Amino acid sequence: MSRVLLIEDNADLAAGISYNLQKEKLEVRVEEDGLSGLHAARDWRPHLIILDLMLPRLGGFELLQQLRETGDRTPVLILTAKDQEADKIQSFRYDADQYVTKPFSLKELLARVHSLLRRGQAQRALAAEPFSFGEVEVDLSLRSVRRRGVLVTLTPKAFELLSALIRRDGAVASRVDLLREVWGHRSLVLTRTVDAHVAELRRKLECDPANPNHIVTVWKVGYRLQR
Amino acid sequence: MRKFTIKPNWSVVLLGVSLATLAGIAVQAYQADRRHRDTALALLRDYASFAVFNYNQNLAGGLRSAADAALHSFGPVPRGGAFDAATLARVSSPSHADCNCRMSNAVGGGNYLYSVANDSLIAGSQPRPSAANDLIAAVLRKAPRLPNASEPVLQRVDANRWLTYRTISRSPNDTILYAVWFDQSHLQPVFKQAFCPEVLLPPTLARGLPLDSIVTVAVYAQGDATPLWSSRSELEWHQPAEDTLGAYYAALVVRASIRKEAAPSLIIGGLPRSRLPQLFALFMISAGLVLAAAKQIRRERGLVRMRERFVTSVSHELRTPLAQIRLFLETLRLGRAGTNAEREWALSHIERESTRLSHLVENVLHVSRPRTTAPAAAPVVELEAELADIVAGFLPLARSRRAHVVNSFEPGVLAAIRSEHLRQIMLNLLDNAVKYGPVGQTIKVSAKTNLDRVQISVSDQGPGVPTADRDRIWDAFQRGTSEEALATGGTGIGLTIARELTRQYGGSVQLGATDGGATFIVELPRIRVGPRGENHSRTAVQAS
């Protein structure tokens, strides 16, 4: 059963949405303030978060930012009365997946919820399968990397970077995309940081780090992972 | 996350530039004015210098004539200074009867011959030795030996006595000084005579005015602050000029200045007055106008921001109940509410949110309507029943945050107010209490009398109103600045409406003091009913 975390300070609305989600055979947990919502997102590990923006104790944007900065990629559907363009842009900057304004159509909301859950399920399935290239085997669910059967220790960011490349399944990832995905939107981090972590991955995973066969540079664009 | 950006406001920039330009022009005008004034003052100083120069010429001539006349008592000076016995006797005579000069007749004065080589008096008017002789010898010993021997020298002896002498070489090794001493009063006519109107300032400059009214002249001994003579008794120096007579005339100092009153007559267009006060006033007025304009622009921007905030808030406040109404309606329409209890639950939400929506619309309409004066006739209502009814209607809204409402109404309390207004006041206060208090709190509502007033209070268990916000919460479209207040929805008009409505009935609403939470107290004039039921204080209500 998929878990949906609903962070909404209006108890009645939360009750109504929760009632309808439960009717869809979903497990729902309601939190009425941002801080409790953030803790629930970390501890309960939901498959989808439905998030209001105006929340007591911790605002929706701050919650989303903190979530993404810690590498949490849980799909997030923003459900808010704020319909300003700036709010929508801000939400997508923090990698929100959907933005729905109040009042909303129940059918549409449920359709969006199911869509996000399906996509998340596909990604989880991908993560569950061990991925291998050259002499390296990566288990995303266990966060383990082995080379010739020997466990390789990677820094958390290097592992996130490797995961991001694996998720693209051979497609090219630009430095900016990798930055946003792995480091979030912190202005102090430069694209050079990506290069430094790629160098770490090559040093630890490639046979000849100077002439990499798997973590390949795409000239003036970024990197891709080839098996 | 809120981002602050600086938007250039061209109106303010232009105002700033105009103010800076104005300041520049004011400074330039001030400088030009000052230069003009300096030129005029320099001209006055030039006139004074001219007068000093001319006076000095006159005075030097007068002093020379007077000294010559005084020294004339010696008669012709013998070649080589070989004074014969007769001359010496005449010199030694205290009476000087044969001398017709002015100075040698001075009281206490006398004639002296002094030998530089011997450093002693050869002859003198006083019997020797005498204090006067010693004094004269001491003065002559120190007297300057000036190059022009034919020129008489004027020398000050003490505060009241002066000495004039001439030198003559008696032998290669000796010089004779023959001197006459006299009282200071004998110099006064000379000083006065030198003050010749026609000469000091030519008529073209004086423009026909009496010299006395134009120029002031005074003569000072070197180092003295009190003048030996002055053309006026009261001295007032305005742009004065000063010069010193030569060493032959005891380095007398002559000072002159053009009188302030005469300055406008001497200078074309008069002495320019300082325009600084006018310039300063002009600058201040302009700066005030610029500041007023800047303030107006700021106020307008504030109003625009306030309007935007209000529209955003109202939009948010409208959307929230609408979202619920639509959600529960769709739940019902799609047949997702399976049981009667579930359907009833959904309907109760719709009903409650409709109430909330109508209350919000009522508030917005109240704000958009023009301000009204006191109602013509306010019906007397019994507060216990009215308030109980209002609270009962509000309970579903309170339940949305699991709030409990406890009533405490004094029976038989009357007030003159329209029911719908009392409802609007109370709903705003109750709505605030629910919004800003914690979930599951207890809200206390009470009504009691206090002398000729009726007090209705609403207390919550929230964090209370911060001191900084206690005044601004009453202003329209303003909301609390605390994090809790900002995170809570609201339009910022509820308390404004409550205050306006209570004032219409001669009442007030204020924030009471509590240990925790916020207590709002509505005060209305109390209506007393007499034994036969007549209303005794109705007129007071209408008057207010």
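Chains are numbered independently. Their residues run from 1 in the order of the written sequence. Chains and ligands are labelled by the order in which they are written, letters from A for the one and numbers from 1 for the other. Where local features are concerned, this predicted model is filtered to residues with pLDDT of at least 70; where side-chain atom pairs are given and counted, the filter is 80 or more; whole-chain, interface and lining totals use all residues.

A. Summary view of the overall build of chain B. Strands are runs of DSSP state E lasting at least two residues, helices are runs of H or I lasting at least four, and both sets are numbered from the N terminus onward. A tally of regular secondary structure across chain B gives 15 helices and 16 strands. Two residues qualify as a contact pair if the distance between their C-beta atoms, derived from the backbone, is within 7 Å. For chain B, contacts bridging at least 24 residues in sequence account for 65% of all contacts bridging at least 6.

B. Here's a closer look at the overall build of chain A. The secondary structure content of chain A amounts to eight helices and 12 strands. Put simply, chain A has 227 residues, and 35% of those count as buried. Put simply, 54% of the contacts in chain A that link residues at least 6 apart link residues at least 24 apart. The burial criterion counts other C-beta atoms lying within 10 Å of a residue's C-beta, which is placed from the backbone; the residue is buried at 20 or more, exposed at 12 or fewer, and partly exposed between these limits.

C. Geometry of the nonpolar core. Residue and element names in this part refer to chain B. Of all hydrophobic cores here, the largest spans 57 residues; its most connected members are Ala 51, Tyr 55, Ala 179, Val 215, Val 254 and Ala 256. The element contributing the most residues to this core is helix α1 (residues 10–71), with 13 residues. Setting aside residues no more than four positions away along its own chain, Val 215 makes contact with Ala 51, Leu 200, Leu 201, Ala 256, Ile 258 and Arg 259. Ranked by size, the runner-up nonpolar core spans 42 residues in total, among them Ala 433, Ile 443, Ile 493 and Ile 497. To count as a nonpolar core, a set of buried Ala, Val, Leu, Ile, Met, Phe, Trp, Tyr and Cys residues must be joined through C-beta atoms within 7 Å.

D. The pairing of strand β8 (residues 144–147) of chain A, seen in detail. Residue and element names in this part refer to chain A. Any two strands are treated as partners once DSSP identifies two or more bridges connecting them. Here strand β7 (residues 136–139) runs beside β8; their pairing, made up of four bridges, is antiparallel. Each residue of the ladder has a partner; that of Glu 137, found in β8, is Arg 146. The antiparallel hairpin formed by β7 and β8 contains four residues in its connecting segment, where Arg 143 sits at a positive phi of about 55°. In this sheet, strand β9 (residues 150–152) lies alongside β8 in antiparallel orientation, the contact comprising three bridges. Note on β9: the bridge partner recorded for Arg 147 is Val 150. From the end of β8 to the start of β9, which pair antiparallel, there are two residues, and Arg 148 there has a positive phi angle of about 50°.

E. Fine view of the sheet that holds strand β5 (residues 98–101) of chain A. Residue and element names in this part refer to chain A. One open sheet accounts for five strands, arranged β2-β1-β3-β4-β5; its pairing is parallel. Only two strands of the sheet have a single neighbouring strand rather than two, namely β2 (27–31) and β5. Between one strand axis and the next, the sheet turns by 20° as a mean value, whatever way the strands run. Bridge analysis of strand β1 (residues 3–7) against β2 gives five bridges, and the strand direction is parallel. The residue of β2 that forms the bridge with Val 4 is Val 28. Only C-alpha atoms enter the line fits that serve as axes; for helices the fit covers just the stretch in contact. Angles between N-to-C directions range over 0 to 180 degrees. Taken strand by strand, helix α2 (residues 34–43) contacts β1, β2 and β3 (48–51), and its axis lies near 165° from that of β1.

F. Main features of the interface of chain B and chain A. Taken together, the contact pairs 20 residues of chain B with 22 residues of chain A. Every element with two or more residues in the side of chain B that touches chain A is listed here: α9 (276–333) and α13 (483–487) of chain B. Considering each element in turn, the side of chain B that touches chain A owes the most residues, 11 residues, to α9(B). When residue character is reported, Ala, Val, Leu, Ile, Met, Phe, Trp, Tyr, Cys and Pro are called nonpolar, Asp, Glu, Lys and Arg charged, and the others, Gly included, polar. In terms of residue class, the side of chain B that touches chain A is made up of seven nonpolar, seven polar and six charged.

G. Spatial organisation of helix α6 (residues 156–167) of chain A. All names here are of chain A. For a helix, the expected span equals 1.5 Å multiplied by the number of residues minus one. Given a rise of 1.5 Å per residue, 12 residues ought to cover 16 Å, and the 16 Å separating the end C-alpha atoms of α6 matches this to within 8%. Packing partners of the buried residues in α6 comprise β7, β10 (173–174), α7 (175–183), α8 (191–205) and β12 (222–225). At the C-terminal side of α6, Asp 169 shows a positive phi close to 55°.

H. Fine view of the packing of α7(A) against α8(A). Residue and element names in this part refer to chain A. In the contact formed by α7 and α8, the axes pass within 9 Å of each other and the chain directions differ by 80°. By the angle class used here, α7 and α8 are roughly perpendicular. Every residue of α8 that contacts α7 at Arg 175, Val 176, Leu 178, Leu 179 and Trp 183 is listed here: Thr 191, Thr 193 and Val 194. Its residues assigned to classes, the contact of α7 with α8 shows five nonpolar, two polar and one charged. Orientation labels follow simple angle bins: below 35 degrees gives roughly parallel, above 145 gives roughly antiparallel, 65 to 115 gives roughly perpendicular, and whatever is left gives oblique.

I. Expanded view of the environment of B:His366. All names here are of chain B. Its place among the elements puts His 366 in helix α10 (residues 340–368). His 366 gets classed as partly exposed once you count the C-beta atoms within 10 Å, which come to 18. Distance in space between the C-alpha atoms of His 366 and Ile 497 is 7.5 Å, their sequence separation being 131 residues.

J. Just helix α12 (residues 419–436) of chain B, in detail. Helix length check: α12(B), at 18 residues, gives a terminal C-alpha distance of 26 Å against a target of 26 Å (1.5 Å per residue), a fit within 8%. Taking burial as the measure, the 18 residues of α12(B) include 13 buried ones, the bulk of the element.

K. Seen up close, the sheet that holds β9(A). Residues and elements named next belong to chain A. If you trace the four strands from one edge of the open sheet to the other, you get β6-β7-β8-β9, paired in antiparallel fashion. Sheet topology places β6 (131–133) and β9 at the edges, where each strand pairs with a single neighbour. Within the sheet, the average angular offset between the axes of one strand and its neighbour, ignoring direction, is 25°.

L. Examining the confidence of the model for chain B more closely. All names here are of chain B. How sure the predictor is of each residue is captured by pLDDT, a score from 0 to 100. Looking at chain B, the pLDDT average stands at 80 and 82% of residues meet or exceed 70. Confidence, expressed as mean pLDDT per element, reaches its minimum in chain B at helix α15 (residues 538–543) with 36 and its maximum at strand β14 (residues 453–459) with 93. With pLDDT under 50 throughout, residues 531–544 is counted as low confidence; its partners more than four residues away or in other chains account for 20 contacts.

M. Inspection of unusual backbone geometry at higher detail. All names here are of chain A. With an omega of -5°, the peptide bond between Lys 102 and Pro 103 qualifies as cis. For Pro 103, the location among the structural elements is in the loop between β5 and α5 (106–128). Even without being glycine, Asp 169 reaches a positive phi, approximately 55°. Exposure remark for Asp 169: the 11 C-beta atoms within 10 Å place this residue in the exposed category. Phi angles above zero are rare outside glycine, and Lys 220 is one such case at about 65°. Here Lys 220 falls in the exposed class, since 6 other C-beta atoms lie within 10 Å of it.

N. Region of the structure containing the environment of B:Arg470. Residues and elements named next belong to chain B. Tracing the backbone shows Arg 470 in the loop between β14 and α13. Distance in space between the C-alpha atoms of Arg 470 and Gln 510 is 9.6 Å, their sequence separation being 40 residues. Once residues lying within four places of it in the same chain are set aside, the contact partners of Arg 470 are Val 465 and Leu 511.

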